[in-house]
Amino acid sequence: MSIENLRVSLQKSVELEIQNILQKAREEAERIMNEAKMKAERMKKAKLEDRIEEVKKKEENELATIRSNQRLKLLKAKDEILQEIFVEARKKLEEEAESAKPRYFRFLQESIVAGLTRLSGERFVIFTNERDMKSIEKALEGIETKATEMKKGNVALELSSRNLKTIGGALVCTQDQNRCYNDTIEARLEEYREIHASKAIEILFKEE
Amino acid sequence: MTAKIQDLIEEERRAERKIQQAELQAIQLKKEAEEMAYSIMQENDAHMEEFLEHETASMNKEFQKKKKALERENEEKVAKLMEQADKKRLRVVRIVVETILGEGK
C-alpha cells in the first residue's frame with residue numbers, strides 16, 4: 001500500500017470513528033432527554049392520581065354528609081307530619097267524646113271492661129272525667145254484670161267522684177288503688193304512637 | 001519519501017486531534033442533554049401545582065354539578081313524599097281514631 005493510500009484510509013477511518021462517536025453521543029443525549037420527559041410525565045401522573053384520590057375522598061365525605069342531612073331532614077318532616085296527625089286525631093277524639101255518640105259510649109264501657117279483665121281482684125274503683133261520670137253511673141250495673149261474666153267471679157264497682165283530667169276513657173284501679181289500668185284516650189293515643197307509628201308512617205310515605 | 005512519511009505522521013496527529021474534538025463534542029452534547037433534562041424536571045415541578053390546581057378546579061366544578069343534582073333530586077323526592085302524605089293525612093287520622101275507639105288494648 002502506498003503512503004497516499006494509507007493517508008486516505010486513515011482519513012476515512014477517522015471520519016468513521018468521529019461519526020460513530022457523535023452518533024452515540026446524540027443517541028445518549030436523546031435517551032437522557034426522553035428519560036427526563038418520561039420521568040416528568042410519570043411524576044405528573046402520580047401526583048395527579050394522588051390529588052384525584054384526595055379529592056374523591058373529600059367528595060365522598062361531603063356526599064355522605066349531604067345524604068345524612070337529607071335523611072335527617074326527611075325524618076324530621078315525617079315526624080312533623082306524624083305529630084300533626086296525632087294532634088288532629090286527639091282533636092277528633094275529643095270531639096267524639098263530647099258528642100256523646102253511641103260509638104264513644106261503647107268505647108267508654110269497653111275500656112272499663114278491658115281494665116277490669118286485666119286486673120285481678122273483685123272490688124274496683126273507676127275514675128273518669130266529670131262529663132262521663134253520668135253515663136257510667138247509668139251503665140254501671142251492666143258493666144258489672146259483663147265483667148262478672150268475663151272474669152267468672154264477683155265484681156263490685158265503685159265510681160269515684162274525683163274528676164279525672166282526661167278527654168275521655170277511664171282509669172280502672174283495684175279498691176286499694178295499688179294497681180291501675182289506664183285506658184284513657186290519652187293513654188291509648190300514646191300506646192298507638194309507640195306501637196303503631198311505623199304503620200302510620202308506612203301508609204303515609206309508601207310510594208305509589 | 002521521508003517527507004511523505006512525515007506528512008502521514010502529521011495526518012495521524014490531526015486525526016487524533018479530530019477524534020479528541022469529537023469526544024469533547026460528545027461530552028458537551030451529553031452535558032447539554034443533562035442540563036435540558038434538569039430544566040425539564042424543574043419546569044415540571046414549577047408547573048405541577050398550577051396543573052394540579054387546574055385539575056382540582058375542574059373536578060370541583062363537576063362535583064358541584066353532581067351535588068346540586070343530588071340536592072335537587074332529594075328536594076323533589078321529599079316534596080313528592082310530603083304531597084302524597086298530605087293527601088293521606090285524613091285517612092291516617094281516621095285510622096288512628098277508629099283504632100283507638102274501636103279496639104281494646
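None of these values were measured; they are calculated from a predicted model.

Tell me about the packing of helix 1 (residues 3–99) of chain A against helix 4 (residues 185–205) of chain A, and please be specific about residues and values.
The packing of two helices is summarised by the inter-axis angle and the distance between the axes. Residue and element names in this part refer to chain A. Interaxial distance between helix 1 and helix 4 falls to 10 Å at its minimum, and their mutual angle equals 130 degrees. Comparing their axes, helix 4 and helix 1 come out oblique. Classified by chirality, the crossing of helix 4 by helix 1 is right-handed. Contacts between helix 1 and helix 4 involve K78, I81, L82, I85, F86, A89, R90, L93 and A97 from the first element and I185, L189, R193, A197, A200, I201, L204 and F205 from the second. Classifying every residue of the contact of helix 1 with helix 4 by side-chain character gives 14 nonpolar, no polar and three charged.

I'd like a rundown of the interface of chain B and chain A, residues and numbers included.
Every contact between the two is made by 49 residues of chain B and, on the other side, 55 residues of chain A. Considered class by class, the residues forming the side of chain B that touches chain A number 28 nonpolar, seven polar and 14 charged.

Go over the sheet that holds strand 2 (residues 156–159) of chain A, please, and point to the residues and values.
Sheets are built from strands paired through backbone hydrogen bonds, the pairs being either parallel or antiparallel. Residues and elements named next belong to chain A. A sheet is described by the order of its strands in space; here four strands give the open sequence 2-1-3-4, paired in mixed fashion. The outermost strands of the open sheet, each flanked by one partner alone, are strand 2 and strand 4 (180–184). Strand-to-strand twist in this sheet, taken as the mean axis angle between neighbours without regard to direction, amounts to 20 degrees. Sheet strands touched by helix 2 (residues 102–118): strand 1 (123–127), strand 3 (169–174) and strand 4. Its angle to strand 3, the strand with the most contacts, is close to 25 degrees. Where helix 3 (residues 130–151) meets the sheet, its contacts fall on strand 1 and strand 2, and the angle it forms with strand 2 comes to roughly 175 degrees.

I'd love a proper account of the nonpolar core, names of residues and values included.
With 36 residues, the main nonpolar core has A:I112, A:V172, B:V96 and B:I100 as its most contacted residues. Looking at this core, the elements with two or more residues in it are helix 1, helix 2, strand 1, helix 3, strand 3 and helix 4 of chain A together with helix 1 (2–102) of chain B. Two domains share this core, each providing at least three of its residues, namely domain 1 (1–99) and domain 2 (101–205) of chain A. Judged by nonpolar contacts, the second largest core, of seven residues, contains A:I21, A:I32, B:A33 and B:A37.

Provide a residue-level description of the packing of helix 4 of chain A against helix 1 of chain B, including the pertinent values.
Helix 1 of chain B packs onto helix 4 of chain A with a crossing angle of 145 degrees between their chain directions and a minimal axis gap of 10 Å. Crossing of helix 4 of chain A against helix 1 of chain B: the hand is right-handed. Contacts between helix 4 of chain A and helix 1 of chain B pair A:I185, A:R188, A:L189, A:Y192, A:A200, A:I203, A:L204 and A:F205 from the former with B:L81, B:A85, B:K88, B:V92, B:V96, B:T99 and B:I100 from the latter. Along the lines of polarity and charge, the residues of the contact of helix 4 of chain A with helix 1 of chain B split into twelve nonpolar, one polar and two charged.

Give me unusual backbone geometry: which residues, what numbers.
In terms of backbone geometry, most residues other than glycine have negative phi values and most peptide bonds are trans. Residues and elements named next belong to chain A. The backbone of A100 shows a phi angle near 55 degrees, a positive value even though the residue is not glycine. For A100, the position within the fold is in the loop between helix 1 and helix 2. Judged by local crowding, A100 falls into the partly exposed class, with 14 C-beta atoms found within 10 Å.

Reading the values: rules and limits
- Residues numbered from 1 in each chain as written.
- Chains lettered and ligands numbered in written order.
- Predicted model: local features only at pLDDT ≥ 70, side-chain atom pairs only at ≥ 80, totals over all residues.
- Axes fitted to C-alpha atoms, helices over the stretch in contact; angles between N-to-C directions.
- Helix = DSSP H or I, 4+ residues; strand = E, 2+ residues; numbered from the N terminus.
- Parallel < 35°, antiparallel > 145°, perpendicular 65-115°, else oblique.
- Left-handed = near helix turned anticlockwise from the far one by under 90°.
- Contact = placed C-beta atoms within 7 Å.
- Nonpolar A, V, L, I, M, F, W, Y, C, P; charged D, E, K, R; others polar.
- Pairing = 2+ DSSP bridges.
- Core = buried A, V, L, I, M, F, W, Y, C linked by C-beta atoms within 7 Å.
- Buried ≥ 20, exposed ≤ 12 C-beta atoms within 10 Å, placed from the backbone.
- Domains from an automatic or database assignment.

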